[in-house]
Amino acid sequence: MSPDWWAWVASRDSLTARLIEAGAGRTFRVRLLDQRLGRPRPDEARALGLTPGRLAWLREVALCLEGQPWVVARSVAPLAQLRGSRLDRLGERSLGSWLFRQPDLARSPIEITAGPAPFHPARGPWGRRSVFRHGRFAVLVQEFFLDAMADELGLPSR
Ligand SMILES: C=C(O[C@@H]1C=C(C(=O)O)C=C[C@H]1O)C(=O)O
């Protein structure tokens, strides 16, 4: 991986904040693509230590600059710990802006893939995922960086 992409893929602070900064005045928007209760994929259940087949809170968004998706993200939260977190009221506000306000937030090591997003047709160089925990609440956040972001920021292809 190029050092330029490593700086994005390995970053452990808020991607929302980084995108806004890199956007340098471009309008940032979280476009909500899907939000519902559903069954996580087997690899998602495994990453969260969830019993396969259990329902979870699923959210898919595109993180857009000037209306163009730079990152697509899918988040999965087990239902058991969801009560009280009010995630269903997030709408088009960034999950990251809520998460990073939690004082006891812990983040797992970041796993990286060169494979495509399994939930979205847009193509890009890298994907990553990690689990955020605060108290008993857990959410798996999977983010795929898109070619449009590389083009706009003059990043190498990988
Ligand atoms: C975890 C973050 O939140 C981002 C915002 C998301 C959302 O609103 O659903 C999802 C994943 C992230 O790309 C972050 O900003 O780092």
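Every chain begins its residue count from 1, and numbering advances along the sequence as written. Per-residue local features are limited, in this predicted model, to residues with pLDDT of at least 70; the limit for side-chain atom pairs, both in listing and counting, is 80 or more; totals at the level of whole chains, interfaces and linings are taken over all residues. As a rule here, side-chain values come from all non-hydrogen atoms in the structure, and water together with hydrogens is ignored.

The name an unreviewed UniProt entry gives the protein chain is Probable chorismate pyruvate-lyase, with Billgrantia campisalis as the organism. Comment text from UniProt for the protein chain, heading Sequence similarities (unreviewed entry), reads "Belongs to the UbiC family." UniProt positions are given in the numbering used here, feature names are shortened, and annotations may be inferred rather than shown by experiment. Here the protein chain is described in UniProt, under the heading Catalytic activity (unreviewed entry), as follows: "chorismate = 4-hydroxybenzoate + pyruvate".

Chemist: Any chance you could explain the side chain of Q142 here in plain terms?
Modeler: Under the scheme used here, helices are H or I runs from DSSP no shorter than 4 residues and strands are E runs no shorter than 2 residues, and both carry numbers assigned from the N terminus. By secondary structure assignment, the location of Q142 is in strand β7 (residues 137-145). The cut-offs for exposure are 20% and 50% of the maximum accessible area for each residue type, with area from a 1.4 Å probe on protein chains only; residues under the lower value are buried, those over the upper are exposed, and the others partly exposed. A relative accessible area of 3% places Q142 in the buried class. Among the polar contacts made by the side chain of Q142, one reaches the side chain of E44 at a distance of 2.7 Å. Here a residue-residue contact requires only that any non-hydrogen atoms of the pair lie within 4.5 Å. With residues up to four places along the chain from it excluded, the contact list for Q142 reads R41, D43, E44, V72, A73, R74, V76, F119, R128 and R129. Pairs of N or O atoms within 3.5 Å make up the polar contacts considered here, provided that, within protein, one atom can donate a hydrogen while the other can accept it, and that residues adjacent in sequence are counted only when both atoms are side-chain atoms.

Chemist: Mind showing me how you'd approach the pattern of salt bridges here?
Modeler: Note that side chains of opposite charge can pair when their charged atoms are close. By definition here, a salt bridge exists when the distance from a side-chain nitrogen of Lys or Arg to a carboxyl oxygen of Asp or Glu is within 4 Å. Under the counting rule described, the total for this entry stands at eleven salt bridges. Taking the shortest distance from any N to any O, the salt bridge between D43 and R41 comes out at 3.0 Å. Its relative accessible area of 23% is what places D43 among the partly exposed residues. The partner of R129 in a salt bridge is E111, with the nearest N and O atoms 2.6 Å apart. Note that R129 is positioned in strand β6 (residues 126-134) and E111 in strand β5 (residues 111-113), a separation of 18 residues in sequence. Looking at R129, the relative accessible area reads 19%, which means it is buried. Look at E111 and you get partly exposed, because its relative accessible area is 43%. Salt bridges sharing partners connect three or more residues here, namely R41, D43, E44, E60, R74, E111 and R129.

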